[in-house]
Amino acid sequence: MIRFSNVSVTYPGGVHALRDIDLEIQDGSFVVVVGLSGAGKSTLVRAINGLVPLTSGSLEVNGRHVEQAGRRELRALRSEIGMIFQSFNLVKRTSVVNNVLMGRLHQTPTWRTLLGWYRPADRELAMQALERVEIVEKAYVRAANLSGGQQQRVSIARALAQEPKVMLADEPVASLDPPTANVVMRDLQRINRELGITTIVNLHFLDLARRYGDRIIGMREGEMVFDGTGEQADEKV
Ligand code: ADP
Ligand code: ADP
């Protein structure tokens, strides 16, 4: 469970990115956060893994209070959370499978893994993750040689290799064309259904949100202005 209680975030300089957010997200749900650029979507998801300090309020994630977490606890929290970004954030000069193995660094950051030696069990997990996003045939291709959609699926596999409880995707399809965006959204949805990983996806298009979100949160200027199903979502978002 993820629970925001009266959470506000004001950045240095005075931008109120989140204003008094109260929000509970149940384990296993698929939530889409929609809103224009600047609405506070990124701040909302980055707060969940402790990347943004709260100005006030409290935030509980998987039983931990993020605002009280020290370094050790933040590390444990982040190991349970897979992150997916608009820009994929792959290491382009190395292979797909090596990129996915980086998802294991959270679990086993020993001197061996830092040198690129992974246990066979880690390699197995990486290949399974690639199978799940249907891109295992590209395992030994350099990440640089993949299309945008393929790179995003590799980044999903990297997050999956972490065996996360929660997946946070910040505008994962913003740089993809519409058909590819649908493929990526379907992958995220399928993974949520098959593995029960709580998934939060930021989008700026309401049509995609309606199509995939079991629950839609609408943000505007740091406030939550909508919380409901796709059918209930209307033009006020
Ligand atoms: P969205 O993801 O919906 O585009 P953000 O959470 O990125 O919204 O941003 C919300 C507001 O906070 C915007 O006005 C943005 O410019 C501002 N903002 C975001 N990050 C920072 C930061 N690190 N420092 C100052 N202002 C920021
Ligand atoms: P987004 O994809 O959320 O729109 P941006 O491109 O606005 O992200 O922001 C990219 C980075 O710049 C983020 O790390 C964000 O925190 C930071 N940032 C955004 N707005 C500001 C701002 N007004 N002042 C300082 N940093 C900002």
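Read on for a plain summary of the structure. (Residues numbered from 1 in each chain as written. Chains lettered and ligands numbered in written order. Predicted model: local features only at pLDDT ≥ 70, side-chain atom pairs only at ≥ 80, totals over all residues. Heavy atoms only, no water.)

Details of the sheet that holds strand β9 (residues 215–220)
Going by this rule: For two strands to be treated as a pair, DSSP must find no fewer than two bridges joining them. By the criteria applied, helices consist of DSSP H or I runs no shorter than four residues and strands consist of E runs no shorter than two, each listed in order from the N terminus. Angles here are taken between N-to-C directions and fall from 0 to 180 degrees, while the axes themselves are lines fitted to C-alpha atoms, restricted in helices to the stretch in contact. When checking whether two residues touch, look at their non-hydrogen atoms; a contact exists if any pair is within 4.5 Å.
Taken in spatial order, the six strands of this open sheet run β6-β7-β8-β3-β9-β10, and their pairing is mixed. The sheet is open, and its two borders are formed by β6 (81–85) and β10 (223–228), each paired with just one other strand. Taken pair by pair, the neighbouring strands of this sheet meet at an average axis angle of 15 degrees, ignoring direction. Relative to β10, β9 is paired through five bridges, and the arrangement is antiparallel. Within β10, the position partnered with R220 by the bridge is E223. Helix α1 (residues 41–48) rests against β3 (30–34), β6, β7 (166–170), β8 (198–203) and β9 of the sheet, and its axis sits at about 155 degrees to β8. Helix α6 (residues 148–161) contacts β6 and β7 of the sheet and is inclined by roughly 165 degrees relative to β6.

Some thoughts on the side chain of S8
This is how the line gets drawn: Polar contact is defined as a pair of N or O atoms within 3.5 Å, subject to the rule that within protein one atom must be able to donate a hydrogen and the other to accept it, and that residues adjacent in sequence are counted only when both atoms are side-chain atoms.
Of note, S8 is situated in strand β1 (residues 2–10). At a separation of 2.9 Å, a polar atom in the side chain of S8 contacts the main-chain amide nitrogen of D20. Sequence-distant contacts of S8, that is, excluding residues within four places in its chain, are made with L18, R19, D20, L54, T55 and S56.

A word on the pattern of salt bridges
Pairing between side chains of opposite charge can happen when their charged atoms approach one another. Put simply, the rule is: Here, a salt bridge means any Lys or Arg side-chain nitrogen found within 4 Å of an Asp or Glu carboxyl oxygen. Partly exposed describes any residue whose relative accessible area lies between the buried limit of under 20% and the exposed limit of over 50%, with all areas from a 1.4 Å probe on protein chains only and scaled to the type maximum.
Following the criterion strictly, the structure yields 15 salt bridges and no others. D122 serves as the salt-bridge partner of R104, at 2.8 Å between the closest nitrogen and oxygen. Pair noted here: R104 is in the loop between α3 (96–101) and α4 (111–114) and D122 is in helix α5 (residues 120–132), with a separation of 18 residues, a long-range link. With respect to burial, R104 and D122 carry one shared label: buried. A salt bridge links R193 to D214; the shortest N-O distance between them is 3.1 Å. On the criterion of sequence distance, the pair formed by R193 in helix α7 (residues 178–195) and D214 in the loop between α8 (206–212) and β9 is long-range, its members being 21 residues apart. Using a relative accessible area of 38% as the deciding quantity, one classes D214 as partly exposed. Three or more residues joined by partner-sharing salt bridges are found here, namely R64, E73, E80 and K165.

Considerations on the nonpolar core
For clarity, the cut-off: Only buried residues count toward a nonpolar core, which is a set of Ala, Val, Leu, Ile, Met, Phe, Trp, Tyr and Cys residues joined through side-chain atoms within 4.5 Å.
With 44 residues, the main nonpolar core has M185, L188 and L203 as its most contacted residues. Contributing elements (two or more residues each) for this core: β3, α3, α5, α6, β7, α7, β8 and α8. Top contributing element to this core by residue count: α6, with six residues. With residues up to four places along the chain from it excluded, the contact list for L188 reads F30, I84, I156, A169, P172 and V201. Core analysis: the second largest hydrophobic core is formed by 30 residues, A39, A47, L59 and V61 among them.

What about the environment of E60?
In this structure, E60 sits in strand β4 (residues 56–61). As for E60 and E24, which are separated by 36 residues in sequence, their C-alpha atoms are 9.4 Å apart. For E60, the residues in contact, after removing those within four places along its chain, are M1, I2, R3 and H65.

A look at the layout of surface pockets
We count it as follows: The pocket and cavity definitions rest on a 1 Å grid over protein atoms only: a 1.4 Å probe that fits but cannot leave marks a cavity, an open set with protein on both sides within 12 Å along at least five of seven lines marks a pocket, and residues lining either have an atom within 4 Å of a point. Grid points are joined across faces, edges and corners, and a volume is the space filled by probe spheres set on the points. Basically, the charged four are Asp, Glu, Lys and Arg, the nonpolar ten are Ala, Val, Leu, Ile, Met, Phe, Trp, Tyr, Cys and Pro, and anything else, Gly included, counts as polar.
In this model, the largest pocket occupies a volume close to 260 Å³. What lines the largest pocket is a set of 13 residues, and nearest its centre among them are I81, M83, F85, H106 and Q162. Taken together, the elements giving at least two residues each to the lining of the largest pocket come down to β6 and α6. When residues in the lining of the largest pocket are grouped by element, the largest group, three residues, is from β6. Among the residues forming the lining of the largest pocket, the class breakdown is six nonpolar, five polar and two charged.

Section: the sheet that holds strand β5 (residues 64–65)
One open sheet accounts for four strands, arranged β2-β1-β4-β5; its pairing is antiparallel. The open sheet terminates on both sides in strands that have one partner only, identified here as β2 (16–25) and β5. Bridge count for β1 against β4 is five bridges, and the pairing is antiparallel. The residue of β4 that forms the bridge with S8 is S56.

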